[in-house]
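Structural characterization, general
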Amino acid sequence: MARAGVTAERLTLAAAELADEVGVENVTVAALARHFGVKDASLYFHIKNARDLRVRIALLALAELADRVATALAGRAGKDALVAFANAYRDYARQHPGRYAAMQIDLDPETAMASAGPRHAEMTRAILRGYHLAEPDQTDAVRMMHSTFHGFVSLEKTGGFRHTPRTTDDSWTRTLDALDAVLSNWPSR
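About the cut-offs
Residues numbered from 1 in each chain as written. Predicted model: local features only at pLDDT ≥ 70, side-chain atom pairs only at ≥ 80, totals over all residues. Heavy atoms only, no water. Helix = DSSP H or I, 4+ residues; strand = E, 2+ residues; numbered from the N terminus. Buried < 20%, exposed > 50% of the residue type's maximum accessible area, 1.4 Å probe, protein only. Lys, Arg positive; Asp, Glu negative; His and termini not counted. Charge placed at Lys NZ, Arg CZ, Asp CG, Glu CD. pLDDT = per-residue confidence, 0-100. Contact = heavy atoms within 4.5 Å. Expected span 1.5 Å × (residues − 1). Core = buried A, V, L, I, M, F, W, Y, C linked by side-chain atoms within 4.5 Å.

When its secondary structure is counted, the protein shows 10 helices and 0 strands. Principal axes of the C-alpha set define a box for the protein whose edges measure 60 × 40 × 30 Å. Within the protein, the fraction of its 189 residues that count as buried is 41%. Computing the positive centroid from 23 side-chain charges and the negative centroid from 23, the protein places the two 3 Å apart.

Here it is as structure tokens:
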């Protein structure tokens, strides 16, 4: 029988908070059981295993980030939308490093389609329509944007930019300027 007050939602949120503290790879059923003061076995009423727990963190993070990005994008277009999207993405990755790492988990196609992932893609494509990009260029640009954002925040997180006195904020701003320039002058085929 499930312990009173322990739900799948509370487990997921606690696991996400734990992931932000110790890293998603260190989120275990045992660590979560200790957090709730219960035996490991009692959590299996709500979750299948550690992988299921990490997928739940990923789904929560995708939804949270989609909500932040949607709020940031409201009423914006062009470069303003690009910068708002990018800043929401970067801020989320900085504030929730474990949740952000969980979003990189490879989800099975059915789970991915049921997640907030398609919302992210649609918001990105909405930005790209402001740059007058159609398929297949939109897909290429979506991949370029994600690679740029993910690469930057990942290197920033691991200290990859500490070797120079220039601030990462200055480099981020210039990166977004360059991305806007590329999107505005997308090469023709």
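Summary statistics for the protein give a mean pLDDT of 92 and a share of 98% for residues scoring 70 or more. Mean pLDDT per element in the protein: helix H3 (residues 40–43) is the minimum at 78, and helix H10 (residues 168–184) is the maximum at 98.

Further remarks concern helix H2 (residues 29–36). All of the buried residues along H2 are Val29, Ala31, Leu32, Ala33 and Phe36. Structurally, H2 contributes buried residues whose contacts are with helix H1 (8–22), H3 and helix H4 (50–73). Immediately downstream of H2, the backbone of Gly37 shows phi near 70 degrees, a positive value.

Take helix H5 (residues 78–95) next. Compared with an ideal rise of 1.5 Å per residue, which puts 18 residues at 26 Å, H5 spans 26 Å between its outermost C-alpha atoms and is within 8% of the ideal. Those residues of H5 lying buried are Gly78, Ala81, Leu82, Ala84, Phe85, Ala86, Ala88, Tyr89, Arg90, Tyr92 and Ala93. At its buried positions, H5 is contacted by H4, helix H6 (97–102), helix H8 (117–129), helix H9 (137–157) and H10.

This brings us to the environment of Ala61. With respect to the helices, strands and loops of the structure, Ala61 is situated in helix H4. Here Ala61 falls in the buried class, since its relative accessible area comes to 0%. Between the C-alpha atom of Ala61 and that of Glu110, which follows or precedes it by 49 residues, the distance is 17 Å. The contact partners of Ala61, leaving out residues within four places of it in the chain, are Tyr92, Arg99 and Met103.

Before going further, it helps to spend a moment on the side chain of Arg99. Structurally, Arg99 is set in helix H6. Other than its neighbours up to four places away in sequence, Arg99 contacts Leu13, Ala16, Glu17, Ala19, Asp20, Ile57, Leu60, Ala61, Glu64 and Tyr92.

Turning our eyes to something else, we now look at the nonpolar core. Residues Leu32, Leu43, Ile57, Leu82, Phe85, Phe149 and Leu183 are the most contacted members of the largest nonpolar core, which totals 59 residues. Going through the elements one at a time, H1, H2, H4, H5, H6, H8, H9 and H10 are the ones with two or more residues in this core. No other element matches H4, which puts 11 residues into this core.

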